[in-house]
Structures are given as C-alpha cells and as structure tokens.
Amino acid sequence: MRLLLFVLSLTASSVAFSALPLMGTVEKDSTGTYLITGQACKRYVVDTKSEDSFKSVRKLSTGDSVTASGTLDHDTCTAVIESVDYVGLRKMLGHWYSAEGIMSVRDFNSLSFYPISLKDFQNGSGYRTVDPINYRYSVTPTDGKEWVLFLSDSKSTTFATIQFNKGAATMKIYDSETGRLTKVLHLSKWSNLR
C-alpha cells in the first residue's frame, strides 16, 4: 500500500509541475529578465530550462509579448520557461517601406502590405487606389538572429524570416511548398505607430 501511495504521489507531483502555457509581456533591466502576466506576482523572474529557451528569451526586448511553455512559481515569483512558442516583437510595430511597397504592422497579429511607392503613399492619392494585402501573422524564434514569420492571407499561408538592424529589416519570403526563396524585402522604418 505504501508503494502504491508513493507512486501515486510521484505521478501527482509530475503532473502538478508539468509545463503549462504561459503568456505575458517581457520586461528587462540591469537586474534581469521578467515576465508580466497579471497573475499573483507583479512580475516573475525568468528562469530558462534549456539552451534554446535561453537564446530565445535573450533576443527579446522590453515590451515584447511571449507565449511559452513552462510553470509559474507564485511563492518565489519565478517563471520557469521550457520553450518559447510565439513572440510579439515591439520593434516590428509601425510602418516600413521598401522598393516593393509599404508594410503597416498594427499589432502582434496583423499586418497590411500596400504595393505602392512611399512617395505615392505619403501623398495619399495613390494610397486610395491600392488595395492592401492583409495578413494574420505569428512570429517564432530561431537559433540565429532571424525570426520566423508565418503569414496567412485570404488565399494561402506562407513563411518568411525577418532580421532587424537599427531601423532596418530584411524579410525573406519563401514558397511554402518548395521552401525556395521567392522574394527579399529590404525594409526601412518609416514611423512608429501612434
């Protein structure tokens, strides 16, 4: 009977400490990285459980949102992150331009691409004649400096990578069937959202 109770308690303990979905906003300062979740603690100190999760969290900035797998310890105010699933990058928000058009990123889920020049877009006349391509998107981390984007419009889903560099970004768009690179957008930040 004692053996059965011991086995049951071990099973219950492993279930109690198994990874759960965590969602929150990242805050970084000189003392560490924190997760703001609106739960019992004002903010949770982030502790990572793998090299991949450590690299993913290290790439995030204050104001980014994160969806991860892990646990919250309300007694020590610690968020133990096992893996980072999706992120919302604050630096991606705003208006970007390239030779191919204007990209407007309103939030962490939706963006619009206007196939128009920046000058026509600013003048407004050309802006009204061009229908945007509206996308739902999600961002996931990678090992390197790039982030992976999944873009869905009314017709299809494709994937891209994006890498940021001081007010600029390079987005590479791939064919989802073949994995072949189809387009490279060299984006410059036009303005932040107000």
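Look up a bit, the structure's there.
Predicted, not measured: the structure shown is a model, and the values here were computed from it.

Calculation rules
- Residues numbered from 1 in each chain as written.
- Predicted model: local features only at pLDDT ≥ 70, side-chain atom pairs only at ≥ 80, totals over all residues.
- Heavy atoms only, no water.
- Pairing = 2+ DSSP bridges.
- Helix = DSSP H or I, 4+ residues; strand = E, 2+ residues; numbered from the N terminus.
- Buried < 20%, exposed > 50% of the residue type's maximum accessible area, 1.4 Å probe, protein only.
- Arc of directions from axis to C-beta.
- Contact = heavy atoms within 4.5 Å.
- Salt bridge = Lys/Arg side-chain N within 4 Å of Asp/Glu carboxyl O.

A.B. asks: Help me understand the pairing of strand E1 (residues 20-29), please; the structure alone is not making it clear to me.
C.D. replies: Along a regular strand, successive side chains alternate from one face of the sheet to the other. Alignment of E1 against strand E4 (residues 65-73), held across six bridges, turns out to be antiparallel. Note that in E4 the partner of Thr-25 across the bridge is Ser-65. Inspection of the sheet shows E1 paired to strand E2 (residues 32-36) by five bridges, in the antiparallel sense. Opposite Val-26, over in E2, you have Leu-35 as the bridge partner. The antiparallel hairpin formed by E1 and E2 contains two residues in its connecting segment.

A.B. asks: Explain helix H2 (residues 51-59) to me, please; I cannot follow it from the model alone.
C.D. replies: All buried positions along H2 are accounted for by Ser-53, Ser-56, Val-57 and Lys-59. An end-on view of H2 places all buried positions within 160 degrees of arc, on one side of the element. Check the buried side of H2 and you find it contacts E1, E2, strand E3 (44-48), strand E5 (78-88), strand E9 (133-141) and strand E10 (147-152).

A.B. asks: What should I look at first to understand unusual backbone geometry in this one?
C.D. replies: Positive phi, normally seen in glycine, also occurs at Cys-77, with a value near 55 degrees. Among the secondary structure elements, Cys-77 is positioned in the loop between E4 and E5. You can call Cys-77 partly exposed: its relative accessible area is 23%. Of note in this structure, Lys-166 is not a glycine but carries a positive phi near 45 degrees. Checked against the element boundaries, Lys-166 lands in the loop between strand E11 (157-164) and strand E12 (168-174).

A.B. asks: What is the right way to read the pattern of salt bridges from this model?
C.D. replies: A side chain of one charge can pair with a side chain of the opposite charge when the charged atoms of the two come close. Under the definition given, this model contains three salt bridges. The salt bridge partner of Arg-43 is Asp-29, with a shortest N-O separation of 3.5 Å. Of the two residues, Arg-43 sits in the loop between E2 and E3 while Asp-29 sits in strand E1, which places them 14 residues apart along the sequence. Under the relative-accessibility criterion, Arg-43 is labelled partly exposed at 26%. The exposure class of Asp-29 is partly exposed, given its relative accessible area of 35%. Close ionic contact of Glu-146 with Lys-172 constitutes a salt bridge, the shortest N to O distance being 3.9 Å. Remark: Lys-172 occurs in strand E12 and Glu-146 occurs in the loop between E9 and E10; sequence separation between them is 26 residues. The class for Lys-172 is partly exposed, based on a relative accessible area of 28%.

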